[in-house]
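The primary structure of each chain is shown beneath.
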Amino acid sequence: MAKRNARLRLGRWRAAACATCPAAAAGPEHVARPSQRPHAVIALAGNPNTGKSTLFNALTGLRQHTGNWPGKTVTRAEGYFRYNGRLYKLVDLPGTYSLLSASEDEEVAREFLLFGQPDAVIITVDATALERNLNLVLQILEITDRVVVAINMMDEARRKGLIVNPRTLSRDLGVPAVPLVARTGEGLHELLRTVERLITGDITTAPIRVPLPPQVQQAVDDLLPYLRQLVPDLPNLRWVALRLLDGDSRIWEALRTGELRALAQGPGSRPTPPDPTLLEQLMDRVRHWQWTLGTALRDGIVQAIYNQAERIARRAVRQAAAPAPRDWDLLLDRLLTSPKTGIPIMLLLLALIFWITIQGANYPSELLASLLFSIESWGAAAFETLGLPAWLTGFLWHGVYRGLAWVVSVMLPPMAIFFPLFSFLEDLGVLPRVAFNLDFLFRKVGAHGKQALTMAMGFGCNAAGVVATRIIDSPRERLIAILTNAFVPCNGRYPTLIMLASVFVAAQFPPGFASAAAALAVLTSILVGVAFTFLASWLLSRTVLRGEASAFTLELPPFRRPNLRAILYRSFIERTWAVLVRAMTVAAPAGGVIWLLANLTWRGQPLAQHIAAALDPLGRLMGLDGVILLSYIIAIPANEIVVPTMIMIYQKASMMTEVENLAALRSLLIDQAGWTMLTALNMMLFVILHNPCATTILTIYKETRSLRWTAWGALLPLGFGLVVTITVATIARLLGWA
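Calculation notes
- Residues numbered from 1 in each chain as written.
- Predicted model: local features only at pLDDT ≥ 70, side-chain atom pairs only at ≥ 80, totals over all residues.
- Heavy atoms only, no water.
- Buried < 20%, exposed > 50% of the residue type's maximum accessible area, 1.4 Å probe, protein only.
- Helix = DSSP H or I, 4+ residues; strand = E, 2+ residues; numbered from the N terminus.
- Pairing = 2+ DSSP bridges.
- Patch = residues over 30% accessible without salt bridge, like charges linked within 9 Å, V, L, I, M, F, W, Y side chains within 5 Å.
- Areas by Shrake-Rupley, 256 points an atom, 1.4 Å probe, with all protein chains shown as cover.
- Salt bridge = Lys/Arg side-chain N within 4 Å of Asp/Glu carboxyl O.
- Axes fitted to C-alpha atoms, helices over the stretch in contact; angles between N-to-C directions.
- Left-handed = near helix turned anticlockwise from the far one by under 90°.
- Contact = heavy atoms within 4.5 Å.
- Core = buried A, V, L, I, M, F, W, Y, C linked by side-chain atoms within 4.5 Å.
- Phe/Tyr/Trp six-rings, centres within 6.5 Å; stacked < 30°, edge-to-face > 60°.

Asker: Is there a simple way to explain helix 26 (residues 642–651) in this structure?
Answerer: Note: α-helices contain 3.6 residues per turn, so residues at a spacing of three or four share the same orientation. Burial runs high along helix 26: 9 of the 10 residues are buried. Along helix 26, the positions that sit buried rather than exposed are Val642, Val643, Pro644, Thr645, Met646, Ile647, Met648, Ile649 and Tyr650. The positive-phi residue at the C-terminal boundary of helix 26 is Lys652, with phi of around 55°.

Asker: Mind showing me how you'd approach the pairing of strand 6 (residues 86–92) here?
Answerer: Walk down a regular strand and you will see the side chains alternate between the two sheet faces. In terms of burial, strand 6 is largely enclosed, as 6 of its 7 residues are buried. The pairing of strand 3 (residues 40–46) with strand 6 spans 5 bridges and is parallel. Among the inter-strand pairings, Leu44 is bridged to a residue of strand 6, identified as Asp92.

Asker: Any chance you could explain a nonpolar patch on the surface here in plain terms?
Answerer: Residues Leu371, Ile375 and Trp378 make up a contiguous nonpolar surface patch of roughly 340 Å² in combined accessible area. Relative to the assigned elements, Leu371 resides in helix 15 (residues 342–385).

Asker: Even after reading the chapter, I still don't get the packing of helix 29 (residues 694–704) against helix 30 (residues 707–734), so can you show me in this structure?
Answerer: The relative placement of two packed helices comes down to the angle between their axes together with the axis-to-axis distance. Helix 30 packs onto helix 29 with a crossing angle of 145° between their chain directions and a minimal axis gap of 9 Å. In this structure, helix 29 meets helix 30 at a crossing whose hand is right-handed. Each of Ile697, Ile700, Tyr701 and Thr704 in helix 29 lies in contact with helix 30, whose residues at this interface are Leu707, Trp709, Thr710, Gly713 and Ala714.

Asker: Help me out: how do you make sense of the nonpolar core in this one?
Answerer: The nonpolar side chains of a soluble globular protein tend to be buried with one another. Ranked by size, the top nonpolar core spans 115 residues in total, and within it Phe459, Tyr650, Trp675 and Met683 carry the most contacts. For this core, the element with the highest residue contribution is helix 16 (residues 390–428), accounting for 13 residues. Discounting residues that sit within four places of it in the chain, Trp675 has contacts with Leu500, Phe504, Asp625, Ile628, Met646, Tyr650, Leu669, Ile670 and Met683. Ala43, Val91, Val175 and Leu224 belong to the second largest nonpolar core, which has 75 residues in total.

Asker: Sorry, what's going on with the packing of aromatic side chains here?
Answerer: When we look at a pair of aromatic rings, we describe it by the centre distance and by the angle of the planes. Across all of its chains, the model carries 11 aromatic pairs by this definition. Between Phe81 and Tyr88, the aromatic rings sit 5.4 Å apart at their centres with planes inclined by 25°, giving stacked as the arrangement. We classify Phe81 as buried; its relative accessible area is 1%. A centroid spacing of 5.1 Å and a plane angle of 55° characterise the contact between Trp397 and Tyr401, whose relative ring orientation is tilted. Here the residue Trp397 and the residue Tyr401 both occupy positions in helix 16, the gap between them amounting to 4 residues, near one helical turn. What makes Trp397 buried here is its relative accessible area of 15%. With relative accessibility at 16%, the residue Tyr401 sits in the buried group. Ring pairs connect the aromatic residues Phe383, Trp397 and Tyr401, which therefore count as one cluster.

Quick look at the structure:
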């Protein structure tokens, strides 16, 4: 084996690991909170669906820190690990197919590679789709030469009868290439050993440069003398020249302000603006070549990258044998992507997930509610024993705490079931096929095909669905997805839908069919929400968000065995807990407001009764009543408290409450409150078509940074709700049905 201090040039370096080497025996040590500065920073880049997240989790042990990149809504994940006594910081860059366009994901990845100056970059590529993945590799090699290529999914390649030669790939790229199966850890030690040797200088690289078309190369050669004077020490001037020719405003700004010059001079250097005369001469030449080359510039660069990727992949990969038979893979693909079977299967899966979520959450919700409300009783009794005022006990325990306990007990169990199921389908490879099936529908309404995925996430929580829109590159289409996500019901609205279906729909059927009828009614209401999602997207894309639907690459990953550990972490920490914390922060004060409205009186009546009476004319026009409208106004912080608030006002109780059983609830709503089938129907419609909860509204503002679009997101579904319920109520009255 080569000595540790030997400096090796690529092409002569052997990628095979020594089985007895200590580096191969010692794996990465996961570090949660480092107490020292890392020895080096490693960036992790790659296309989507190349196992980048799997590798990140294998190295950091799921102990990553998440947040947003400065000034961006794109999520940043960072983690630490120790290897051979050195502490490394791993930065997971957004998965992207290219660095040439202007999407936020691509901009973030490119800027960190350039201005973040990582000590090494690991690029994950899919061994079964090497040619496509090499497009990104070749673009990154233009920016930095401190690269190690991780050829992931070698097990899939072997199954398909593909032989990938890492030595050939390494020689042709000029950087190390290491075979890997991130899911099982195969090749992980060799990858880390290679990265370590690259950082310490034991390996030097000579990355390949893509041959450019003659005219483009002539333009680059014309600009290089100016750039050598403006930023003499920058190693990737050719890439800077190409970005200037392509009209990259960020690179031009970095050149104008001296940021590129400071980057070339090393850490601690301050930006100093370059010679303005020389800068103007450079820009004159850039404008000249942009005018001369026109569209041939971008087309030529892209074609050159594709041609080079094809040549390299053809040399590094060969088909040795027929792929191992896996008929169920092909059968599943045909079933899930066929227009005739894909959508029915999708609906059945959706219904199954809802059924598991609803049935599975019943007992945990009751148990959690019993525990939390027993704490309320204990706390209220303790306050009384201490002789504290009754109003303080009522406000804090029967108001603030009860509102919080109600939201947690109703919201937590369904989310804890729904999100893992959703993540399971995501990891299995089913959800991308759902997006494939619905792409043509979203394209027809002027939206993005990936909105299918964000819409599906909204079934668990609309706030999570809004955050998920980050996967959509087009700002216009992302905004459409954000503004329409509230049309699909989140798990906070399921209790109301289930209550209405059980009390009014199931009661019309024999006992043996009652539960099935109720489930069908809930599913139908959900499909109504999906239909309004398409309608609202169509209207937005032809009015305030007019524009052409963009094309996008949707890669259908192979079906894989899901990583249960990663699923549980992503479901409970990144989704369930994050959403629950946001909901709790707005539910607690809402509980206090509800208690005040029920206990503060004016002219002998609680304020809630006065407000409900004032809202009653509008409620009757909508086929509802004032109590329902007041309940929804109070429940803006969290939809989970709609039903208990409504029951509280009907019963003139002093706190949120519930009834003993469905028969008692039916008696309260029909005999006492005067509900009819029209009330129930319009209530179900209003459950779907009303403003999102406060958590979702805050999330919309966080994602858009715009009060205007936040107002649109809040009022658009409410506007639909008013129009639809008033129309249905008017028609019903004209026909004598109400």
